Structures are given as C-alpha cells and as structure tokens.
Amino acid sequence: CETDFVASSEQFVAEAEALTKLVIAKNEAAVSERTTQLEDMKITLKEKIELGQVVRFEAAAGNLLESYTHVQGGRGVNVVLVELSGGNADLGHDIAVHIAFARPRYLTKEDVPAEEIEKERATLETITRNEGKPEAAIGKIVDGRIQGFFKDIVLLEQPYAKDDKKAIKDLLGGAKVVRWAQ
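What you see is a predicted model, and the numbers here were worked out from it, not measured in a lab.

Peer 1: Just checking my understanding: could you explain the pairing of strand β4 (residues 163–167) for this structure?
Peer 2: Regular strands show a simple pattern: their side chains alternate between the two faces of the sheet. Taken together, the two bridges between strand β3 (residues 159–160) and β4 define a ladder with antiparallel strand orientation. Among the inter-strand pairings, P159 is bridged to a residue of β4, identified as A167. The turn linking β3 back onto β4 is made up of two residues.

Written as structure tokens, this is what we have:
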C-alpha cells in the first residue's frame, strides 16, 4: 500500500496475517485464493494495494534460515530471507542485512547471464574509448571495469557493507549461501 495510515489499519493487518497463514499452510500460489478480498480492500480503503513477491522457504536439513526486516515508519519496507549451509545465526543475519543494503542480483559470477556481461562489456568499451584511452590499453581497462560490475551485482564479490575491506565470500568462511529472497 502507499500510506502508513492504510498499512496500520485493522483490515490491512488482518489481510496480511491471513495471507501469511495461507502461504505457510499451502504455498506461495495459494495467495490467489484471496484475490477477491484484496480487490474489495482496495475499494474499501481507497488505496492502491499490490501483492509483491511471495516466497516460502523451508531450509534443507542442517541448513539455517535467517532474515532481516528493514523497518521505516513502524512497518517493514524491505525483507530479506537467506538460507545458509554452515555458519550461524549471527552470520545469517549479517548476510541478510548486507543483501538488504547492497541488493545483489546473482550469487556467483557464473550465475550472470553471458548476454548481460557482453552488453555491459560493450557499454564499458564505448565509455573507455570516449575517454580517449590508448587502444592497446582498452581491453585491460574494460576487464578491470567488468570486475567492478561484478562487485555491484554478485553477492559473493561484493564488499561487505559493514567492512568494505572484506568481500562477502571471505566473510562466509566455510559457510555457503544456498539462496535468498528480497
């Protein structure tokens, strides 16, 4: 919803709880069972109300689930769930906080689609040429800038939000991020 007034209303809070219970009992797709109630609530509360990404994680045996909720104005505006293999609750929470801050799109460099890398490489090459860099140096400069691109979008390559001298892959130690949702 768009306002704190609606977000704190009894009707909105009750619907959020009903949707949560439905996802827990069934699965993410079950929210479609409440389409009529959501549409009615939009009319009653005279507010734009949309259901965002719905996820349900069940950790594999031995894995750990952690979360972070960024709260503004008394309501959660950004939530991260993360599943770790190894590690502990503090590490899981720190990774979830980092994800909320840095908003990575991929876990590893290998997860980035080749066409996305090539598009970025072409853009960086054009920028580098327009800067008047020597032709012989363009390849190396672009390669360096591609590494910066990975640091922006790949979780394991990102500098840790609380200590930018340490990459997330180093912070993890022997633990492994299995998946996350934001």
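Back to the text.
Peer 1: Can you help me understand helix α2 (residues 10–25) in this one?
Peer 2: For an α-helix, 3.6 residues make a turn, and residues three or four places apart therefore share a direction. Here α2 contains 16 residues, and its C-alpha end-to-end distance of 22 Å stays within 8% of the 22 Å for a straight helix at 1.5 Å per residue. Among the residues making up α2, those that are buried are F12, E15, L19, L22 and V23. The arc that holds every buried residue of α2, seen down its axis, measures 95°, which confines them to one face. The exposed set on the far side of α2, more than 90 degrees from its buried face, consists of E10, K21, I24 and A25. Buried residues in α2 make contact with α1 (4–7) and α3 (35–45).

Peer 1: Could you clarify how one ought to interpret the nonpolar core in this entry?
Peer 2: Nonpolar side chains tend to gather and get buried jointly when the protein is soluble and globular. The biggest cluster of nonpolar side chains holds 19 residues, and the ones touching the most others in it are V82, I95, I168, L172 and V177. Looking at this core, the elements with two or more residues in it are β2 (75–85), α4 (89–102), α7 (168–172) and β5 (176–181). Per-element accounting of this core gives the leading share, five residues, to α4. Apart from residues no more than four positions distant in its own chain, I95 is found in contact with V82, I168, L171, L172 and V177. Counting eleven residues, the second largest nonpolar core, distinct from the first, contains I117, I146, F149 and V154.

Peer 1: How do you make sense of the sheet that holds strand β1 (residues 63–72) when you look at a structure like this?
Peer 2: Adjacent strands of a sheet form backbone hydrogen bonds with each other and so pair up, either parallel or antiparallel. Taken in spatial order, the three strands make up an open sheet running β1-β2-β5, and their pairing is antiparallel. Bordering the open sheet on either side are β1 and β5, each of which pairs with just one other strand. Neighbour to neighbour, the strand axes of the sheet diverge by 25° on average, direction disregarded. Across ten bridges, the pairing between β1 and β2 is antiparallel. Among the inter-strand pairings, Y68 is bridged to a residue of β2, identified as V80.

Peer 1: Explanation requested: the pattern of salt bridges in the structure shown.
Peer 2: When charged atoms on two side chains of opposite charge get close, those side chains can pair. Scanning all chains against the criterion turns up 13 salt bridges. Ionic pairing is found between E83 and R179, a salt bridge with its closest N-O pair at 2.7 Å. Remark: R179 occurs in strand β5 and E83 occurs in strand β2; sequence separation between them is 96 residues. When the shortest N-O distance is used, the salt bridge between R145 and E131 registers 2.9 Å. Taken together, the residues R145 in helix α6 (residues 135–153) and E131 in the loop between α5 (114–130) and α6 connect sequence positions 14 residues apart. Classification of R145 as partly exposed rests on a relative accessible area of 27%. E131 sits in the partly exposed class, given a relative accessible area of 42%.

Reading the values: rules and limits
Residues numbered from 1 in each chain as written. Predicted model: local features only at pLDDT ≥ 70, side-chain atom pairs only at ≥ 80, totals over all residues. Heavy atoms only, no water. Pairing = 2+ DSSP bridges. Helix = DSSP H or I, 4+ residues; strand = E, 2+ residues; numbered from the N terminus. Expected span 1.5 Å × (residues − 1). Buried < 20%, exposed > 50% of the residue type's maximum accessible area, 1.4 Å probe, protein only. Arc of directions from axis to C-beta. Contact = heavy atoms within 4.5 Å. Core = buried A, V, L, I, M, F, W, Y, C linked by side-chain atoms within 4.5 Å. Axes fitted to C-alpha atoms, helices over the stretch in contact; angles between N-to-C directions. Salt bridge = Lys/Arg side-chain N within 4 Å of Asp/Glu carboxyl O.

Bear in mind that shape data such as this cannot, by itself, settle questions of function.
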